[in-house]
Amino acid sequence: MTFQSSITTDKPLCDLRFDEPWAARLFGVTIALSEAGAFTLSDFQAALIAAVTEHEKTAPIDNDETYYTCWLQALSALLGDVGLMGPSALSASERHVATRLLELQHHRHEQRVAGEARRIAPLVVA
Amino acid sequence: MPHDHSDDDELNKPWQAVRTEAIESLLAEIGVIESERVDAIVQHYEENVGPKTGARVVARAWSDPDFKERLLQDGLAACAELGVGGPETEYLHVVENTPEVHNVVVCTLCSCYPWPVLGLPPAWYKSSAYRTRLVREPRKLLAEMGLDLPQSVRIHVWDSISEIRYLVLPQRPAGSDGLDEAALADLVTRDSMIGVATLPPVAEASA
């Protein structure tokens, strides 16, 4: 397999967006943290190198999702190292987000059921 | 909501999205960061910063020999003259392509990239394949990426390690003599400033 067939090259000059919304947030949060003095970008770079090295022991980085997943692991570890957010605080916050998402899902489902009940039509016509 | 996406996307988030949101919301809650600032940073990098900035620097260097000399001496200081800069680069080293030497940039350890002049790095720049093969077999990899360099041209591979970031100053395309700086900037591509491409001659008709 040649390099070109494995990876898409050049995009138009103005088309520089993050593929995933979470990658954009992750990038922004990291820069905001360095601006706030939580750590320096060199600290982050060291954490990123460690995460990339760890990942590449088992699999290559061949897309943005994998790359930003390494970034996320680097940031999670660094937040623990600087004492801002340990693993337990992070899991608690993750559960909070997941619960909120579930509630939202549940709410949507109920809305849909209610909407369906109002629709006066046979469920099956055989 | 900073990004537009559908309700279904919102509900079926990958774990990375959940964790990122968990980090952001907790840090915002304890007052370390503000979500508005995160919005502004993302928007800045997606919309304001990009390779067009680097293209402006290159076009100035082609048009103004004194500027070019200053740029090769101290990349950041020269970029600052054009109002270009950023927080994340401590040293920007500009390497000039010549008929004898072709320069190309990589970051072997992660993905260091001259953000203030080129914006966000493309996916392939961060890939394991690019980062390992450019070191091991640069001529072959460049050929696969569409850049067939004659054997007589020496290839210099620059590793963006530590605080030094590199920018390639491509050779000015043949046939671009009469063009002004803005028109020259339009000729410059991102890939030529990373060094995985050169710039084709300017066709008579478009000059």
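(A) Expanded view of the overall build of chain A. A count of helices and strands for chain A gives 5 helices and 0 strands. Its helices and strands in sequence order give chain A the pattern α-α-α-α-α, from N to C terminus. Every one of the 126 residues in chain A was classed for burial, and the buried ones make up 30%. Counting only contacts in chain A whose residues sit at least 6 apart along the sequence, the fraction spanning at least 24 positions is 52%.

(B) Geometry of the confidence of the model for chain B. All names here are of chain B. Per-residue pLDDT for chain B averages 89, and the proportion of residues at 70 or more is 90%. Of all secondary-structure elements in chain B, the lowest mean pLDDT belongs to helix H1 (residues 7–11), at 58, while helix H5 (residues 65–73) reaches the highest, 97. With a pTM of 0.78, the predicted complex shows an ipTM of 0.78.

(C) Representation of the interface of chain A and chain B. At the junction of the two partners, chain A supplies 57 residues and chain B supplies 46 residues. Elements with a contribution of two residues or more to the side of chain A that touches chain B: helix H1 (3–6), helix H2 (21–35), helix H3 (41–56), helix H4 (64–81) and helix H5 (87–118) of chain A. The element that contributes the greatest number of residues to the side of chain A that touches chain B is H2 of chain A, accounting for 11 residues. Split into classes, the residues belonging to the side of chain A that touches chain B amount to 35 nonpolar, 14 polar and 8 charged.

(D) Geometry of the pairing of strand E4 (residues 164–169) of chain B. All names here are of chain B. Burial analysis of E4 places 5 of its 6 residues in the buried class, which makes it a mostly covered element. Pairing of strand E1 (residues 91–96) with E4, which is carried by 6 bridges, proceeds in the parallel orientation. By the bridge assignment for E4, leucine 92 is matched with arginine 165.

(E) Representation of the environment of arginine 154 of chain B within the structure. All names here are of chain B. Note on placement: arginine 154 falls in strand E3 (residues 154–159). On the basis of neighbour count, arginine 154 is assigned to the exposed category, with 11 C-beta atoms found within 10 Å. Between the alpha carbons of arginine 154 and aspartate 66 there is a distance of 26 Å; along the sequence they are 88 residues apart.

(F) Summary view of the packing of H2 of chain A against helix H2 (residues 15–29) of chain B. Their axes nearest at 9 Å, the elements H2 of chain A and H2 of chain B cross at an angle of 30°. Between H2 of chain A and H2 of chain B, the crossing angle belongs to the class labelled roughly parallel. As H2 of chain A runs across H2 of chain B, the sense of the crossing is left-handed. Contact residues: H2 of chain A offers Trp22, Arg25, Leu26 and Val29 of chain A, while H2 of chain B offers Gln16, Ala17, Thr20, Ile23 and Glu24 of chain B. Looking at the contact of H2 of chain A with H2 of chain B, its residues break down into 5 nonpolar, 2 polar and 2 charged.

(G) View of the environment of arginine 190 of chain B. Tracing the chain through its elements places arginine 190 of chain B in helix H12 (residues 190–194). According to the C-beta neighbour criterion, arginine 190 of chain B is buried, with 24 such atoms within 10 Å.

(H) A look at the nonpolar core. With 80 residues, the main nonpolar core has Leu26, Leu48, Trp71 and Ala74 of chain A together with Val58 of chain B as its most contacted residues. If we ignore the near neighbours within four places in the chain, the residues touching alanine 74 of chain A are Phe44, Ala47, Leu48, Ala50 and Ala51 of chain A.

(I) A look at H2 of chain A. Between its first and last C-alpha atoms H2 of chain A spans 21 Å; for 15 residues at 1.5 Å apiece the expected length is 21 Å, and the two agree. With respect to burial, H2 of chain A is a largely interior element, 13 of its 15 residues being buried.

(J) The arrangement of the packing of helix H4 (residues 51–63) of chain B against H5 of chain B in detail. Residue and element names in this part refer to chain B. Relative to each other, H4 and H5 sit at 125°, their axes nearing to 5 Å. Viewed along their axes, H4 and H5 adopt a mutual orientation that is oblique. On H5, the residues touching Val57, Arg60 and Ala61 of H4 are Phe67, Lys68 and Leu71. When the residues that make up the contact of H4 with H5 are grouped by side-chain class, the tally is 4 nonpolar, no polar and 2 charged.

Each value, and the rule that gives it
Residues numbered from 1 in each chain as written. Chains lettered and ligands numbered in written order. Predicted model: local features only at pLDDT ≥ 70, side-chain atom pairs only at ≥ 80, totals over all residues. Helix = DSSP H or I, 4+ residues; strand = E, 2+ residues; numbered from the N terminus. Buried ≥ 20, exposed ≤ 12 C-beta atoms within 10 Å, placed from the backbone. Contact = placed C-beta atoms within 7 Å. pLDDT = per-residue confidence, 0-100. Nonpolar A, V, L, I, M, F, W, Y, C, P; charged D, E, K, R; others polar. Pairing = 2+ DSSP bridges. Axes fitted to C-alpha atoms, helices over the stretch in contact; angles between N-to-C directions. Parallel < 35°, antiparallel > 145°, perpendicular 65-115°, else oblique. Left-handed = near helix turned anticlockwise from the far one by under 90°. Core = buried A, V, L, I, M, F, W, Y, C linked by C-beta atoms within 7 Å. Expected span 1.5 Å × (residues − 1).

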